[in-house]
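An overview of the molecular structure
Given next are the chains, with one letter for each unit.
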Amino acid sequence: MTLVERDRPIDHLEQLLSESRTGRGQVALISGGLASGKTALLDAFTDRATASGALVLSATGSRAERTLQMGVLDQLFRSPALPPQVAHDAADLVTVSAQGPDEEDLDPVTIRRSHVSRVHGICSVLLDLSREHPLVVTIDDLQFVDGASLQVLLYLQRRIRTARIMIVFSEWDRRRTSLPRSHAELTRRPHHVIKLPMLSEEGVAQLAAEHLDPATALHLAPRLHQWSGGNPLLLRALLQDRTATGLSDAAETPGPGAAFARAVLSCLHRWDPLLPEVARALAVLGDYSSPSMVRRLIGVEIGTAAQVIGVLQEAGLLRDLTFRHQAARAAVLGSLEPADRTLLHQRAAAILREHGVAASDVAHHLIAADSGEGQWAAQALREAAQEALAMNRPEFAVQCLTLALGACSDEQSRTAVRRTLMRIEWRANPSAAARHLPPLHNALRAGTLSGRDAVLLVRHLLWQGSPEAETVAKEVFRDADEQCDIETMAEVRLTQAWIHGLSPLAGDTGLEAPAALEKKPGKANGNLWAQAGATLAAALAAQNSGRVVDNAEHILRSCQLDDRTLEAIACVLTALIYAGRSDLAAAWCDSLSQDAERHGAGTWQAVLTALRAEINLRQGNVAQAAAQARDALDRLPAQAWGVVVGLPLSTAILADTAMGRHTPLPERAVPPAMFDSIFGMRYLHARGHRHFANNRVLAAINDFQRCGDQAQQQGADLPVLVPWRTDLAQAHIRMNQLQTARELAEEELGRPGAESPAVRGHALRVLAAASDPKLRSALLRKAVDALQDSGDRVELSYALNELSQVHHEQGHYHRARVAARQAAREVRTHHPKELLSQPLVRPDRPDRHDRHDDDSESAVSASESVLSDAERRVATLAALGHTNREISRRLFITISTVEQHLTRVYRKLNVSGRGDLPAGLTVHRDHPAVSAGPHKSQAC
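These figures come from a predicted structure and were not determined experimentally. Residue positions within a chain follow its written sequence, with the count starting from 1. It should be noted that, the model being predicted, local features are given only for residues of pLDDT at least 70 and side-chain atom pairs only at 80 or more, the latter also being counted only at that level, while totals for whole chains, interfaces and linings use all residues. Hydrogens and water are ignored here; the side-chain numbers use all heavy atoms of the structure.

On to the pattern of salt bridges, then. Any carboxyl oxygen of Asp or Glu that lies within 4 Å of a side-chain nitrogen of Lys or Arg is treated as forming a salt bridge with it. Scanning all chains against the criterion turns up 32 salt bridges. Ionic pairing is found between arginine 618 and glutamate 614, a salt bridge with its closest N-O pair at 3.7 Å. With arginine 618 and glutamate 614 both in helix 32 (residues 602-618) and four residues apart, this pair spans about one turn of that helix. Each residue gets one of three labels from its accessible area relative to the maximum for its type: buried under 20%, exposed over 50%, partly exposed in between, using a 1.4 Å probe on protein chains only. With a relative accessible area of 1%, glutamate 614 lands in the buried category. With a closest N to O distance of 3.2 Å, glutamate 871 and arginine 904 form a salt bridge. Taken together, the residues span a long stretch of sequence, with glutamate 871 in helix 46 (residues 869-879) and arginine 904 in helix 48 (residues 895-909) at a distance of 33 residues. Note on glutamate 871: relative accessible area 4%, which makes it buried. Three or more residues joined by partner-sharing salt bridges are found here, namely Asp717, Arg725, Glu747, Glu748 and Arg751. Comment: elements are numbered from the N terminus, with helices defined as DSSP H or I runs of at least four residues and strands as E runs of at least two.

As structure tokens, then:
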């Protein structure tokens, strides 16, 4: 084995050997910490001494043989290098025997009279040997040499002054306040001390270079030195672990492994039993380690604890009072028997609690012990859970409360713990919290759960679609005057409304949308949940969208995302969507999602991601909507979603259908209770679209009709939420039942909330398809106008495409081509390539109207350059088929001004009328009349 940074010590030993050859006996003491390389140095020296012609006799002390008297001397005289006659003569003098009861305190310094002749005889044999050959006697681990052997060695030391004898001892360097008499006697005589330090960082690099290329060894040396403390045994173990991983030399070291763990335990178990005992105490105490804490934990004297800690520090295992690497601490903890580990952690928890340390640190020990016995332990665990929640560590909070639940001494305490535990677990996974529902329901009946605490129970039952939800809600409200304030009642009703429809918002709370809109922003019924309910109801009724937006933003600025406000925030975001401000909803949703991520709240993230998917769908960003809907579904286990699974699932189906992906979604079981909720209604609507796209018209009609029936039953028959009549009308058109389709579309346009641009545009487009051909052009132009304000680019592209078809059928080929190009532009600009594969009808024109594309494009370019902005806006609307009156209303100019602009346009472009206007005039977005949606949004 190559020695590193040991040249000077071995040179010193060789110099002493040279002096002993001249008849000047020498004694050397090699001293060093645990596994510092004392034995390796001794072995290297004995090899050199033997090679030089010296007779070397070696022995090693052992803790296990300390009571075996003359055991070390017996090793010396059994050396194969010893002449046979000498070995025979020594055998009569060196008799190994077990230490008897009367010899337990054998003094290695004072020789008994009965033993004097034997000791003298043994030393005489060795002195005689030195006259024939230079003699080297090496004793490794002097601290473990038996008393009888030590007597002989000390006796010999006093008689080698003029002999050719060199004695080399190695000893574990241990801090002690007092030294044994044998050590005092040894050091009183002339001797040389050779102190072995741990390896420096340069030495670590040199040793690592035996296993790695020099550059890598130099690069890794600081880290290896940091982990090993320069201890050669630990360092070689680290290098062995790295070799076992099969990494290339250039790769970073992966960290300590099994060899390192074995080396750590080897260091601890070589010498004093106190070493592993104190090391285990330090491993358990962690950051709270100190000699006094070790004393309290394992009962050793504080001075002894300090001495052992010093030994571990010098061995490179500790830096100050902590292990240099967590792998060392883990190895020490892993060496404990389970019962011992439990006991130590229990003691540590009690000691730390007495010292007033943070509850979370006490809780770590209780969790490690899997024991929360005692009222103090239960209290510490509950306090630690609160600290963990404040630091966004819900997993640790759940661990604390789960253990505290078994430690509570009364039912009231258990109810309090279950309540908090259910709230935290629901934040990450609602299905995990379901186990607390039965005992908490019992607590509600027993009167130990009330007020806001009872709301948690109702919310969970509603999410899971439990048939008991309504009954439990009534139980909560039954004693409302005594147990529940108005805010709590509003919280329950809002959750009911979000899941089951608007009917819970009416009645007791008096939340009517028109009335709510007359209130000042943020003042609806004086609390968050009432405000949110009023805002959502108003948005669904499509009344006074500006006030809805103000109220919604006020709520979002005023409340913080947490377990109680999730449904309220979801309702307000939904209100922004229905009020035509998807842009604001998207911005708020993104900001809130970041908050949810910081809190590690999986349920919050899942719901917000589902809402973000719906926003994208409403904006026509169908690819993003599909991806986010699936992301939302993947964030929670299927059963954790409960009935709310219909929210992301319906968005995923609609987005896929819009992109032409009509294959079924992967099998996903939905709870039957979902079909009794708002989300079930939305799922039926989405599934109807999937059936319609697959030409399963009767199945689509069935789903749309079921959706409508449910909407009416749940007080949610509002086209902003689900335009089931319009979609049902489309299905009847496919069945050539035009009268029924017209009636459904007209009825939709007369419903509350039909003023929404998206609802109105969609219904007008379908009504046009079911109406007399003469009426279609006007209806479709109105649909296009509305959809340009809605932000739904997919629906706008459909309306433009159908307008193109109508223009073609009417012989207005230029208008047809303009509309077709606009439709294609909407798809290419706003949607993925899947939509590009959907056929957009480009009307075929008679030859007399045919022009080469290049000519058409040239005409468009020419018109762009010669027309003013005002003329271009008028010409663009005229090319789309708008009348002069319609253009004047849209551009807020008089009809006379429109006529004047058109006259100049015809003259500049050299055309006879609007029918000859060039195809493809740019629809500029910089004027609210041309694209009112975004500008209206900015003005709101």
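Moving on, we come to the packing of aromatic side chains. Classification of ring pairs uses Phe, Tyr and Trp, with its six-membered ring standing for Trp, and accepts pairs whose centres are within 6.5 Å; under 30 degrees between planes counts as stacked, over 60 as edge-to-face, and the remaining range as tilted. Tallied over the full model, the rule gives four aromatic pairs. Between tryptophan 463 and tryptophan 498, the aromatic rings sit 6.1 Å apart at their centres with planes inclined by 45°, giving tilted as the arrangement. Here the residue tryptophan 463 occupies a position in helix 23 (residues 451-463), and tryptophan 498 occupies one in helix 26 (residues 486-500), the gap between them amounting to 35 residues. Looking at tryptophan 463, the relative accessible area reads 0%, which means it is buried. The exposure class of tryptophan 498 is buried, given its relative accessible area of 6%. Each residue in the set Trp426, Trp463, Trp498 and Phe679 is aromatic and connected to the rest through ring pairs, giving one cluster. Charge-over-ring placement is defined geometrically: NZ (Lys) or CZ (Arg) within 6 Å of the ring centre, and within 35 degrees of the ring normal. One cation-aromatic arrangement involves arginine 159 over tyrosine 155; the distance from NZ or CZ to the ring centre is 3.4 Å. Note that arginine 734 overlies the ring of phenylalanine 692, its terminal NZ or CZ placed 4.1 Å from the centroid.

What follows is about the packing of helix 18 (residues 375-390) against helix 20 (residues 411-428). Axis geometry follows a simple rule: fit a line to the C-alpha atoms, using only the stretch in contact for helices, then measure angles between N-to-C directions, giving values from 0 to 180 degrees. Their axes nearest at 12 Å, the elements helix 18 and helix 20 cross at an angle of 25°. With respect to each other, helix 18 and helix 20 are oriented roughly parallel. In the crossing of helix 18 with helix 20, the sense of the turn from one axis to the other is left-handed. Contacts between helix 18 and helix 20 pair Arg382, Gln386 and Leu389 from the former with Ser413, Ala416, Val417, Thr420, Arg423, Ile424 and Arg427 from the latter. The cut-offs work like this: below 35 degrees is roughly parallel, past 145 is roughly antiparallel, 65 to 115 is roughly perpendicular, and the gaps in between are oblique. Left-handed describes a crossing whose near helix is turned anticlockwise from the far helix through less than a right angle; right-handed describes the clockwise counterpart. Any two residues whose heavy atoms approach within 4.5 Å are treated as being in contact.

Counted at 1.5 Å a residue, the expected span for helix 19 (residues 394-407) with its 14 residues is 20 Å, and the 20 Å between its end C-alpha atoms agrees. Most of helix 19 sits inside the fold, with ten of its 14 residues counted as buried. Every buried residue of helix 19 is listed here: Pro394, Phe396, Ala397, Val398, Cys400, Leu401, Leu403, Ala404, Leu405 and Ala407. Against helix 17 (359-369), helix 18, helix 20 and helix 31 (582-599) lie the buried residues of helix 19. Under the convention used throughout, the expected extent of a helix is 1.5 Å for every residue step, that is, one less than its residue count.

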